[in-house]
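For reference, the chains in residue letters:
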Amino acid sequence: MIIVDFVYLLVFVINVAKCGKPIEIAILLDNETDQDLYKVIDYIARRHQVDSKYVLTPQIINVKDMDSLRLEQTICNNHLAQRGIHAIFGSSPNNDIVQSISRNLEIVQFQNFFNPDIERDVFSQEKPEETTIFNLYPEFKLFAKALAALVNDMDWRTYTIIYEDDNSLIRLQEVLKISQNDDFPVKIRKLLPGDDQRPLLKEMKLKSELNIILDCSPDKIIGFLQQASIYNLTGEYYNYILTSLDAHTLDFADIIDYGANITTLRLIDPNSEQIKYMVKDFKLMGDQYNEDFKATSSLFQLKTALIYDSLVIFLTAFEQLSLRHPPVALPQNCKIPEPSKDGFRIAEYIKSKTFENETIHGPISGPIRFDKFGRRINFKLEIIELIKDGFRLSANWFSENPKKLEYVVSEEERKQEFEKHITQKVFRVVSRIGAPYLMYAKPAKKGQILEGNARFEGFSMDIIDEIANILNFTYQFELVHDNNYGSYDPVKKEWNGLVRDILDWKADLAICDLTITYERGKAVDFSMPFMTLGISILFSKDTKQPTNLFAFMKPLSLDIWLYMATAFVVMSILIYVAARLAPQDWENPHPCDPHPKELENIWSLKNCFWLTMGSIMAQGCDILPKGVSTRTIAGMWWFFSLIITSSYTANLAAFLTNERLGPTIENAEDLAKQSEIKYGCLQGGATSTFFRDSNFSTYQKMWRSMQIAQPSVFESNNKDGVKRVISSKQKYAFLMESSTIEYEMERNCDLIQVGGWLDTKNYGIAMPMNSPYNAAISRAVLKMQEEQKLHKLKEKWWKEMYGGGQCGQEETSSDDSAAELGIDHVGGVFVVLLGGLGIALIIAIAEFLWNVRKVSVETQISPKEAFLNELKFAVDVSKRKKAVLKRNNS
Ligand code: ASP
């Protein structure tokens, strides 16, 4: 490098020797290999020599590894004290000392780097407006506004800022203010020291950070993106804003194919007229001096370009002011400063002008204007985006209107590009098996093996097919890895199911009966909904339960029946005993005889039983007790009978009604109140999340009861839930989404939906956050809705295919089935009647036979004869009188 230095310095010396009057400038280089800078300085020095009476005489000061003291000594002793300096250019790690020398000796200094400290330094001076220090890097607050406008226009819900050093945060302060959204907080990460950024990228991958503002030096950008690609962080759903104004000079050839959306800003347009001119002129100069003067893209890196521009500005000022100073700057002493005031005059001139980039010889980062404190306050930034052929200008930002971007690429152009892009894309669609949304297709011929999309059919597939027709893309259906919809595990901090596949970039779209929920909405994007529904209760109808003939017994428990029977017997015996003891119940058998010889008691056991029976049956009895004790007992028994009979009657009515209508579950509240019917829902779906997160006390109660139920009331899919409802015959209700309930009710007429919807929600197509396809897909869904296509597809899969439409009619007719009681409910009473009649018949026969025996014995005729006689008499209805038996004594 020393050789290179030597070569260039030699060239300058030759120039000076040739053309007299040198303008002494110091250029600080902190990178000795910066050949481009040498070239630019050389170029400008030579060109200046051609058309000016002055000759630029650069004194190159290599400041790399120099501490402040050495730097001060070098500038003061080696340069200022010997040849003097008109202006200082370039950058140094110890800029403070350079600023201090410039200020003390009133030497104009041009800075070409981001330096927020300039403000602090200038404002600490007594007269800040007399500063001779200029910073050509855009003023940092304005630059922050440009970044903020860009981020604002990106419409990001959340983003991650990756910064390299603390100065970056100053540049990004406006950006930090943008997101006030607590749900989507901005993440701030610092680049790791060294080149290995993998731990940082891994973390970002886990957190699904898609929108990234990368604020680092240009030499780190490509390495970072290459490492990001290892973790798939450079796919088409990733968005990067590179804040480095030099990012556009890098080689993105390897990055373009990854597909990430990369946007950056630049101050210098490499296609501008000046640059084109310079490239040509470089070549000319090369030919002229027979040297390699090829202009490379790095030649237009900001640092180099800003040195070029500061030289342009300085020389313009120098010449415009026609300074009458000696062409050779006076040697100066840093210790005893003697400001010549020239620096101040040059500075004033520079502050008064705007340096336009309209002329070929104008500044290449122009227009340039400084405020009185030396800050660059007037500039234009180009917003450029990476496309297949390199960077393309998409918008301009002007410091005069800092909140807005002026777009260059029209909406129409973007639309056309998108349409072209989408036709070339094969969408990976992930779904899960669940009728009627997606089912395995049946092969037309036996043994035929289906492949690709032909393996499946269903509502979801038809929707995607229709969207693909509208937008003209192709798609490939695959099944989700774990057959889950997508729920978040707060312990493992990860998603499963379809949501997980989207987050892992395994799919571009996810479709099934996938509910749009708030939680999922934070992880993935959803299209416009294609179906609206709500949670409801799936229950089985009262399907021909085994008839209980003795249902009339149910109002009282078996115990009560037994107690009643016992009470009946005991009371009858008690009346019998009491009646025997009670004098009033011993009566004159012949009331006409005032002095009977004996008294009679009618209260035989038979009559006692008859009395108690008559009263409990509410029929009364033709004989009644007369004794106080017996009347008391009878009164108590009647009271008992009254209560028991009334309770029985009341309960019987309710009971028979219940029997007829089945369990009285009409809504979720009814379910929550009872414990006989178990109820559950799909595990890990939106339905269980609804109950888990509900603030409504009934649903909280239901959730608690579902959680503790044994065996578990949760099912891994809707199909199993439906099977359980059917098999458990009104002992299990399944909380399911109404759309699927409708589907099941079309096919199984024993199922009913109980009550209305507990909530309202929608199914949507999930896709990665920021998916560029969301708007187009949503539009297609809307179109299908307007054209009734969604409705037709629903009719097809719900009512027509695979057994649909079976139960619609029956449903209505059976709904208000007659309110009468059927034989099923009261048949038992007939059975009792028949049973009683049978018993009565047997008793009648027994009594008859007993009488036959008696007649046979008493009349001394044969039993057969007696039987026939008695039978004849009994069936002869004309005979109403019967002779009294006369004992045959012979
Ligand atoms: N459709 C629901 C989901 O997306 C499944 C359910 O919970 O019923 O999770």
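Now for a quick tour of the structure.

Reading guide: rules and limits
Residues numbered from 1 in each chain as written. Predicted model: local features only at pLDDT ≥ 70, side-chain atom pairs only at ≥ 80, totals over all residues. Heavy atoms only, no water. Helix = DSSP H or I, 4+ residues; strand = E, 2+ residues; numbered from the N terminus. Contact = heavy atoms within 4.5 Å. Areas by Shrake-Rupley, 256 points an atom, 1.4 Å probe, with all protein chains shown as cover. Core = buried A, V, L, I, M, F, W, Y, C linked by side-chain atoms within 4.5 Å. Buried < 20%, exposed > 50% of the residue type's maximum accessible area, 1.4 Å probe, protein only. Salt bridge = Lys/Arg side-chain N within 4 Å of Asp/Glu carboxyl O. Disulfide = S-S within 2.5 Å. Pairing = 2+ DSSP bridges. Axes fitted to C-alpha atoms, helices over the stretch in contact; angles between N-to-C directions.

### Structural notes on the overall build of the protein
For step 1, the next point in the chain: When its secondary structure is counted, the protein shows 31 helices and 33 strands.
For step 2, the next point in the chain: Partitioning the intrachain contacts of the protein with sequence separation of at least 6 by distance along the chain shows that 69% fall at a separation of at least 24.
For step 3, the next point in the chain: Of the roughly 45,700 Å² of accessible surface on the protein, 56% is carried by carbon and sulfur atoms.

### Things to note about the nonpolar core
The nonpolar side chains of a soluble globular protein tend to be buried, and buried together.
For step 1, the next point in the chain: Counting residues in each nonpolar core, the largest one holds 73 residues, and the members touching the most others are Phe-110 and Phe-314.
For step 2, the next point in the chain: The residues contacting Phe-110, other than those within four sequence positions of it, are Ala-87, Ile-88, Phe-89, Gly-90, Phe-134, Leu-136, Ser-310, Ile-313, Phe-314 and Ile-350.
For step 3, the next point in the chain: One finds Tyr-240, Met-769, Tyr-773 and Ile-777 within the second-largest nonpolar core, a separate group that totals 65 residues.

### Section: the pattern of salt bridges
For step 1, the next point in the chain: Within this structure, the stated rule accounts for 37 salt bridges.
For step 2, the next point in the chain: When the shortest N-O distance is used, the salt bridge between Arg-189 and Glu-209 registers 2.5 Å. Here the residue Arg-189 occupies a position in strand S7 (residues 187–190), and Glu-209 occupies one in the loop between helix H9 (198–206) and strand S8 (211–215), the gap between them amounting to 20 residues. Each of the two residues, Arg-189 as well as Glu-209, counts as buried.

### Some thoughts on the state of the cysteines
For step 1, the next point in the chain: Tallying each qualifying case throughout the model produces two disulfides.
For step 2, the next point in the chain: Here Cys-76 is linked by a disulfide to Cys-334, with a sulfur-sulfur distance of 1.9 Å. The sign of the -100 degrees torsion about the S-S bond sets the Cys-76-Cys-334 disulfide as left-handed. With a gap of 258 residues between them, Cys-76 in helix H3 (residues 68–80) and Cys-334 in the loop between helix H13 (302–320) and helix H14 (342–351) connect regions that are remote in the sequence.
For step 3, the next point in the chain: Cys-76 sits in the buried class, given a relative accessible area of 7%.
For step 4, the next point in the chain: Cys-621 supplies the cysteine sulfur nearest to Cys-608, a cysteine that is in no disulfide, at a spacing of 9.7 Å.

### Focus on the sheet that holds strand S31 (residues 751–754)
For step 1, the next point in the chain: Strand order in the open sheet formed by four strands is S29-S30-S26-S31, and the pairing between neighbours is mixed. Either end of the sheet is taken by a strand with one partner, and the two such strands are strand S29 (678–681) and S31. Within the sheet, the average angular offset between the axes of one strand and its neighbour, ignoring direction, is 35 degrees.
For step 2, the next point in the chain: With four bridges joining them, strand S26 (residues 535–540) and S31 adopt antiparallel strand pairing. Paired with Ser-540 across the strands is Leu-751, a residue of S31.
For step 3, the next point in the chain: Across the face of the sheet, helix H25 (residues 718–727) comes into contact with S26, strand S30 (732–737) and S31 while running at roughly 150 degrees to S30.
For step 4, the next point in the chain: Across the sheet, helix H26 (residues 738–747) is in contact with S26, S30 and S31; its angle to S30 comes to roughly 120 degrees.

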